[in-house]
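Coordinates in review
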Amino acid sequence: MSSRNSDLAHIFEEIATIYEFLGVENRFRVMAYRKAAYVVEHLTKDVENYLPVKKMVKISGIGPSIAAKIQEYLETGSIKTYEKLRKKVPHDFIDLLKVKGLGPETLKTLHRELGIDTREEFVQALKDGRVESLKGFKSKKVQNIINGLRQKEALEQRILLWDAIKLSQRVISFFKKLPEVQKIAMGGSIRRREETIGDLDLLIQARDKDRPKILKHLQNWEQVKKVLVMGNKKASVMIRPMDRQLDLRLFKAKEWGAGLLYFTGNKEHNIHLRKVAIERGWKINEYGVFEVESGQRLAGRTEKEIYKILDMSWIPPEIRMDRGEIHLAEQGKLPELVKLEDIRGDMQMHSTWSDGRQSIDELAHYVKQHYNYNYIVLTDHSKSSRIARGLDEEQFRAQIKAISAVNEKLGEDFIKAGAEVDILADGSLDLKDDILEELDWVVAAIHSRFNQDNTQRLIKACEHAAVNVIAHPTGRILGQRPSYPVDMLKVIEAAAQTGTALEINAQPTRMDLNENWAFEAQKQGVKMVISSDSHAPDNFEFMELGVAVARRAWCERGHILNTASWQEIEEFKSLKRQQVPLKVAKDGEK
DNA sequence: GCCGTTTTCGGCCCGACTGTTTTCAGTCG
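Summary of the structure given here. Only a predicted model underlies this, so the values are computations on that prediction, with no experimental measurement involved.

**Section: the protein's contact with DNA strand B**
The full set close to DNA strand B counts 49 residues, and Asn-26, Gly-61, Thr-106, Lys-138 and Arg-274 are the nearest of them. What you see for DNA strand B is that sugar and phosphate hold 77% of its atoms within 4 Å of the protein. At 2.5 Å from a phosphate oxygen of DNA strand B is found a main-chain nitrogen or oxygen belonging to Gly-101. Taken together, the elements giving at least two residues each to the surface near DNA strand B come down to helix H2 (27-41), helix H4 (64-76), helix H7 (104-114), helix H9 (139-156), strand S5 (224-230), strand S7 (244-251), helix H14 (267-279) and strand S8 (282-285).

**Comments concerning the side chain of Asp-380**
By the element assignment, Asp-380 lies in strand S12 (residues 375-381). Within polar-contact distance, the side chain of Asp-380 engages the side chain of Ser-351 at 2.7 Å. Residues contacting Asp-380, with those up to four places away along its chain left out, are Met-349, His-350, Ser-351, Trp-353, Ser-354, Leu-391, Phe-396, Gln-399, Gly-418, Ala-419 and Glu-420.

**What to know about the sheet that holds strand S6 (residues 234-239)**
One open sheet holds the five strands; their spatial order is S2-S4-S7-S6-S5, and the pairing between them is mixed. The open sheet has two edge strands, strand S2 (183-186) and S5, and neither has a second partner. Strand-to-strand, the axes of this sheet are offset by a mean angle of 20°, without reference to chain direction. Inspection of the sheet shows S5 paired to S6 by five bridges, in the antiparallel sense. Counterpart to Val-229 in the pairing with S6 is Ser-236. Relative to the sheet, helix H12 (residues 211-219) contacts strand S4 (200-205), S5, S6 and S7, its axis offset from that of S7 by approximately 170°. In the packing of helix H13 (residues 256-264) onto the sheet, contacts are made with S2, S4 and S7, and the angle to S4 comes to roughly 180°.

**Looking at the sheet that holds strand S17 (residues 528-531)**
Read from one edge to the other, the open sheet built from seven strands follows the order S11-S12-S13-S14-S15-S16-S17, with strand pairing classed as parallel. The outermost strands of the open sheet, each flanked by one partner alone, are strand S11 (345-346) and S17. Across two bridges, the pairing between strand S15 (residues 469-470) and strand S16 (residues 501-505) is parallel. Residue pairing across strands places Val-469 opposite Ala-501, the latter belonging to S16. Strands in contact with helix H18 (residues 393-410) are S12 and strand S13 (415-422); relative to S13, the strand with the most contacts, it is inclined by about 155°.

**Regarding helix H1 (residues 3-22)**
An ideal rise of 1.5 Å per residue puts 28 Å on 20 residues; H1 measures up with 28 Å between its terminal C-alpha atoms. What H1 keeps buried is the set Asn-5, Leu-8, Ala-9, Ile-11, Phe-12, Glu-14, Ile-15, Ala-16, Thr-17, Ile-18, Tyr-19 and Phe-21. If you follow the buried residues of H1, they end up packed against H2, H4, helix H5 (80-88), helix H6 (91-96) and H7. One or two positions beyond H1, positive phi appears at Gly-23, with a value near 70°.

**Some thoughts on the packing of aromatic side chains**
Both the distance between ring centres and the angle between the ring planes are used here to describe each pair of aromatic rings. The final tally for this structure, using the stated rule, is 16 aromatic pairs. Plain terms: the ring middles of Tyr-19 and Tyr-33 are 5.8 Å apart, the flat faces sit at 35° to each other, and that makes the pair tilted. With Tyr-19 in helix H1 and Tyr-33 in helix H2, this residue pair connects regions lying 14 residues apart in the sequence. For the pair shown, Tyr-19 and Tyr-33 are each scored as buried.

**Quick word on the pairing of strand S9 (residues 288-291)**
Pairing analysis gives four bridges linking S8 to S9, with the strands arranged antiparallel. Bridging across to S9, Trp-282 finds its partner in Glu-291. Hairpin connection from S8 to S9: two residues lie between these consecutive antiparallel strands. One ladder, built from two bridges, connects S9 with strand S10 (residues 297-299); its direction is antiparallel. Bridged to Phe-290 within S10 is Arg-297. Taken together, S9 and the strand that follows it, S10, pair antiparallel across an intervening segment of five residues, in which Gly-295 is found at a positive phi of about 75°.

**Re the nonpolar core**
Judged by nonpolar contacts, the single largest core of 118 residues is most densely connected at Phe-175, Leu-202 and Ile-204. Sort the elements by how many residues they give to this core and helix H10 (residues 161-176) lands first, with nine residues. Residues within four places of Leu-202 in sequence aside, it is in contact with Val-171, Ile-172, Phe-175, Ile-184, Ala-185, Met-186, Leu-246, Asp-247, Leu-248 and Arg-249. In terms of nonpolar packing, the next biggest core, distinct from the first, is built from 48 residues, Tyr-19, Ala-36, Phe-93 and Ile-94 among them.

**Observations regarding the pattern of salt bridges**
A complete count under the given rule lists 38 salt bridges for this structure. A salt bridge links Glu-303 to Arg-320; the shortest N-O distance between them is 2.7 Å. With a gap of 17 residues between them, Glu-303 in helix H15 (residues 303-309) and Arg-320 in the loop between H15 and helix H16 (325-331) connect regions that are remote in the sequence. For the pair Glu-303 and Arg-320, a shared accessibility class is recorded, and that class is buried.

**A look at unusual backbone geometry**
Looking along the chain, the bond that leaves Gly-265 and enters Asn-266 is cis, with omega of 0°. Counting through the fold element by element, Asn-266 comes out in the loop between H13 and H14. With an omega dihedral of 10°, the bond running from Asp-512 to Leu-513 counts as a cis peptide bond. Structurally, the position occupied by Leu-513 is in the loop between S16 and helix H22 (515-523). Despite not being glycine, Arg-193 has its phi angle at roughly 60°, a positive value.

Parameters at a glance
- Residues numbered from 1 in each chain as written.
- Chains lettered and ligands numbered in written order.
- Predicted model: local features only at pLDDT ≥ 70, side-chain atom pairs only at ≥ 80, totals over all residues.
- Heavy atoms only, no water.
- Near = heavy atom within 4 Å.
- Polar contact = N/O pair within 3.5 Å; in protein donor to acceptor, adjacent residues only side chain to side chain.
- Helix = DSSP H or I, 4+ residues; strand = E, 2+ residues; numbered from the N terminus.
- Contact = heavy atoms within 4.5 Å.
- Pairing = 2+ DSSP bridges.
- Axes fitted to C-alpha atoms, helices over the stretch in contact; angles between N-to-C directions.
- Expected span 1.5 Å × (residues − 1).
- Buried < 20%, exposed > 50% of the residue type's maximum accessible area, 1.4 Å probe, protein only.
- Phe/Tyr/Trp six-rings, centres within 6.5 Å; stacked < 30°, edge-to-face > 60°.
- Core = buried A, V, L, I, M, F, W, Y, C linked by side-chain atoms within 4.5 Å.
- Salt bridge = Lys/Arg side-chain N within 4 Å of Asp/Glu carboxyl O.

Given below as structure tokens:
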């Protein structure tokens, strides 16, 4: 995402926090800035594209005041209101507000009574007992604040979706041992398949009388490091693996759907649904849909029932973001999202010929045993990728023969010969055209010289007639490095014009394209390929993550090339052959 | 500050738990 969008989102979030701290007369202003921060963060294009102000106010959540501030920021690099506000609040306080147990009222009291301005002074006052001497600050409250400070750092670190999925499977199997557990599910960002995860939200359906036993079961789990909250409907604990907070909520059968809906979110989606309910004189909470006047229950047993009573079709969790999905659900026009079962082949993987752990023979047999695929594409690295022991032209020729031999034994054309060819610094490819012509599928990717502007480099690769797909197009590695410099809108445009596919690389640290770029690509009619990029047997499972990205990007089966038969993929290739010569000639005229 | 097939003013999502109260404020999700 554009860094300007992120900067603005950050500023609006901070403005909201400062107004909250100052106790602004109108608390809804705080909510408005929070909402604006969320909206700006999730725009697909750089904010500049939404100007002028008159056009920008059409975005839901952006009004005249905030649009003007965005314009001010783009023109001058700062926002006067924001600069003024920052001076009114000790700077450390904005950060301290993120500590669990420290809200605006508590911090204000500390500021007023003890004159505390910085984090250091605050920690000191905690140590020497001044905080505890204040009215309303008994030892437990103080202890909670100290714990909150300690946990803040661990909690700020989000974990990869893949790790969270594995962790949640452990949690679920731990509770499934109890016969009292009637239903169990993960809600929150895991169910929505966000790329990184903070907390784990666990929902369990059980009878009222069984609640104590289930809560006790959690409390006694050896993986629980600390109990934060323990009520009779909910509990929060810190669990040891990955140092995560786990929130457990208990529901009756007739509440299950409402609870699941509520704790799946996201927040904006829920608020929108509640507004729809209010218009009809109803209210939605985590226990159901109710008529306000009579208090009569209208729905709640399943999510479907709730959406239905609101005259909507059921909305898949991955797209519950208040991005227009509610409107489409009202019209019954939701996209039919691509499913894992739709995938008919894996189109990037590596063998022992380069940096993979399985031989060609092992790859074929492993996939045939565990997956219901019609084809796989072997895409070992090309010679520039020395660390990955990339192959040269002659080695690829030898590999094509080796593949044929394995296919012959299998009695079908299961393995396709491909390559993951390096895009060199000038945008040319690392393999000669004649070997590229012999391959069934050519994946092109950047693996070096990240720091230059890579837009033209990628566009040139798209314009090469032999290139079928650009792999991990932005190069980001979650938690390690951001995308290299590249104007993805231009690359998406080039992919659309040349009939080149873009990859959704499903490696847990890549997820590249991310959902925003995949959304944009999908809108521009660019075909995408979801690949596991396997280097080892257990990597094939990652396909699920790539499908999740595609679903969050509203992709249907038709947007994803490897839901098609190989014959249809051949048609895709020949379509590019018809398009590209024109494009190259046009460039030559410039 | 935003928003609008009950509109340009008067609303704005809703409940659980904790710690301190003695009926509730603050915080969280």
